[in-house]
Amino acid sequence: QVGNWDQKVSTWARRETPLFGSQENATTWSDALRSTAALADVATILFTPGGDDRSQSVRNKLKGYALDLAAASAAIGTTRLLKTAVGRTRPSGVDNESFPSGHVSTAATYDRLAARNLADINIRPAVRRALDYGLNAVTFGTAWARIEAGAHYPSDTLVSIALGNFTANFFKNAFMGSAAGERQSVAALPTPGGFMLKWQLRW
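Residues numbered from 1 in each chain as written. Predicted model: local features only at pLDDT ≥ 70, side-chain atom pairs only at ≥ 80, totals over all residues. Heavy atoms only, no water.

**Q** Looking at this structure, how should I read the environment of Ala162?
**A** Within the secondary structure, Ala162 is located in helix H6 (residues 154-175). As for Ala162 and Thr109, which are separated by 53 residues in sequence, their C-alpha atoms are 9.1 Å apart. (Helix = DSSP H or I, 4+ residues; strand = E, 2+ residues; numbered from the N terminus.)

**Q** Is there a simple way to explain helix H4 (residues 102-118) in this structure?
**A** Structurally, the α-helix is built with 3.6 residues per turn, so residues lying three or four positions apart point the same way. Between its terminal C-alpha atoms H4 stretches 24 Å, which fits the 24 Å expected from 17 residues at 1.5 Å a residue. Near the N-terminus of H4, the side chain that reaches the backbone nitrogen of His103, with its oxygen 3.4 Å away, is that of Ser101. (Expected span 1.5 Å × (residues − 1). Polar contact = N/O pair within 3.5 Å; in protein donor to acceptor, adjacent residues only side chain to side chain.)

**Q** Can you help me understand the packing of aromatic side chains in this one?
**A** The description of an aromatic ring pair rests on the distance of the ring centres and on the angle between the ring planes. Scanning all chains against the criterion turns up five aromatic pairs. Here the aromatic rings of Phe20 and Trp29 are separated by 6.0 Å at their centres, their planes lie at 40 degrees, and the arrangement is tilted. Given the relative accessible area of 11%, Phe20 is considered buried. Counting every residue linked through ring pairs, the aromatic cluster contains Phe166, Phe170, Phe171 and Phe175. Directly above the ring of Trp5 sits Lys8, whose terminal nitrogen or CZ lies 5.2 Å from the centroid. (Phe/Tyr/Trp six-rings, centres within 6.5 Å; stacked < 30°, edge-to-face > 60°. Buried < 20%, exposed > 50% of the residue type's maximum accessible area, 1.4 Å probe, protein only. Lys NZ or Arg CZ within 6 Å of the ring centre and 35° of its normal.)

**Q** Help me understand the nonpolar core in this model?
**A** In a soluble, globular protein the nonpolar side chains are often hidden away together inside. In this structure, Leu33, Ala37, Leu67, Ala71, Ala72, Ala107, Tyr110, Leu113, Val138, Ala168, Phe170 and Phe171 together form the largest nonpolar core, which totals 12 residues. For Ala37, the contacting residues outside a window of four places in its chain are Ala107, Tyr110, Asp111 and Val138. Among the nonpolar cores identified, the runner-up in size contains six residues, and Ala40, Ala114, Ala115 and Leu118 belong to it. (Core = buried A, V, L, I, M, F, W, Y, C linked by side-chain atoms within 4.5 Å. Contact = heavy atoms within 4.5 Å.)

**Q** Help me out: how do you make sense of helix H1 (residues 5-16) in this one?
**A** Between its first and last C-alpha atoms H1 spans 16 Å; for 12 residues at 1.5 Å apiece the expected length is 16 Å, and the two agree. What H1 keeps buried is the set Asp6, Ser10 and Ala13. Buried residues along H1 cover an arc of 70 degrees about the axis, so they all sit on one side. Opposite the buried face of H1, at more than 90 degrees from it, the exposed residues are Trp5 and Arg15. Against helix H5 (125-148) and H6 lie the buried residues of H1. Downstream of H1 by a residue or two, Thr17 has a phi angle that is positive, lying close to 35 degrees. (Arc of directions from axis to C-beta.)

**Q** Whenever I open this one, the side chain of Asp111 confuses me. Can you help?
**A** Residue placement: Asp111 occurs in helix H4. Although Asp111 is buried, it makes no salt bridge; Arg112 carries the closest opposite charge, 8.6 Å away. (Lys, Arg positive; Asp, Glu negative; His and termini not counted. Salt bridge = Lys/Arg side-chain N within 4 Å of Asp/Glu carboxyl O.)

**Q** Looking at this structure, how should I read the layout of surface pockets?
**A** Empty space left among the atoms is revealed by rolling a probe the size of a water molecule over them. Estimated volume of the largest pocket: approximately 330 Å³. Thr48, Asn117, Asp120, Lys172 and Met176 are the residues nearest the centre of the largest pocket, which is lined by 15 residues in total. If you list the elements that add at least two residues to the lining of the largest pocket, you get helix H3 (54-86) and H4. In terms of residues, the lining of the largest pocket owes the most to one element, H3, which gives four residues. Taken together, the residues of the lining of the largest pocket sort by class into four nonpolar, six polar and five charged. For the second largest pocket, the calculated volume is near 160 Å³. Lining the second largest pocket are Ala40, Ala43, Thr44, Phe47, Ala114, Leu118, Ile121, Ile123, Leu131, Gly134 and Leu135. (1 Å grid on protein atoms, 1.4 Å probe; cavity = no way out; pocket = protein on both sides within 12 Å on 5 of 7 lines; lining within 4 Å. Points joined across faces, edges and corners; volume = space filled by probe spheres on them. Nonpolar A, V, L, I, M, F, W, Y, C, P; charged D, E, K, R; others polar.)

What follows is the structure, given as structure tokens:
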């Protein structure tokens with residue numbers, strides 16, 4: 001936002017479309033990249049160890065997918081709430097749902113979930129790093145495609161990436177029992193008027 005760079009970059013990207021060639025192509029690519037992120041998450045779940053027993057492995061993979069789906073749903077729901085609350089007009093002027101980006105928050109969530117799944121797969125470190133870079137490229141490619149398409153400003157997409165990363169890491173840490181998760185806990189506690197959702201983080 002400093003020096004009006006948000007507006008300047010958006011205007012330049014929509015006019016020049018340096019990566020995707022046209023706003024129409026950018027829109028098509030943003031859809032494809034978002035779908036790629038979701039497929040990457042499913043693929044990593046399939047290759048994640050689930051246990052020696054076949055039925056147990058299937059159950060664990062289904063649980064893992066349900067968790068990832070819940071994380072993505074939370075990110076999408078949060079995005080929709082923010083769109084309504086903020087009401088920022090898109091660069092193209094078609095509506096007031098610019099902030100944040102649903103495409104980017106979805107892609108960022110699935111890509112981060114996939115990266116966390118990769119950490120549990122027994123592959124060479126160099127291969128894992130290459131796949132992590134690829135997942136990051138999908139996230140940032142989605143973000144830039146939305147900018148070139150005139151659907152969002154750069155700041156919209158950066159906040160969306162942060163939202164997706166936070167949501168994915170929160171769900172993985174809170175519910176998967178990882179080392180990071182042991183520092184966090186989530187609990188529903190009864191109160192006189194209903195219940196309270198409590199998140200605790202130990203530093």
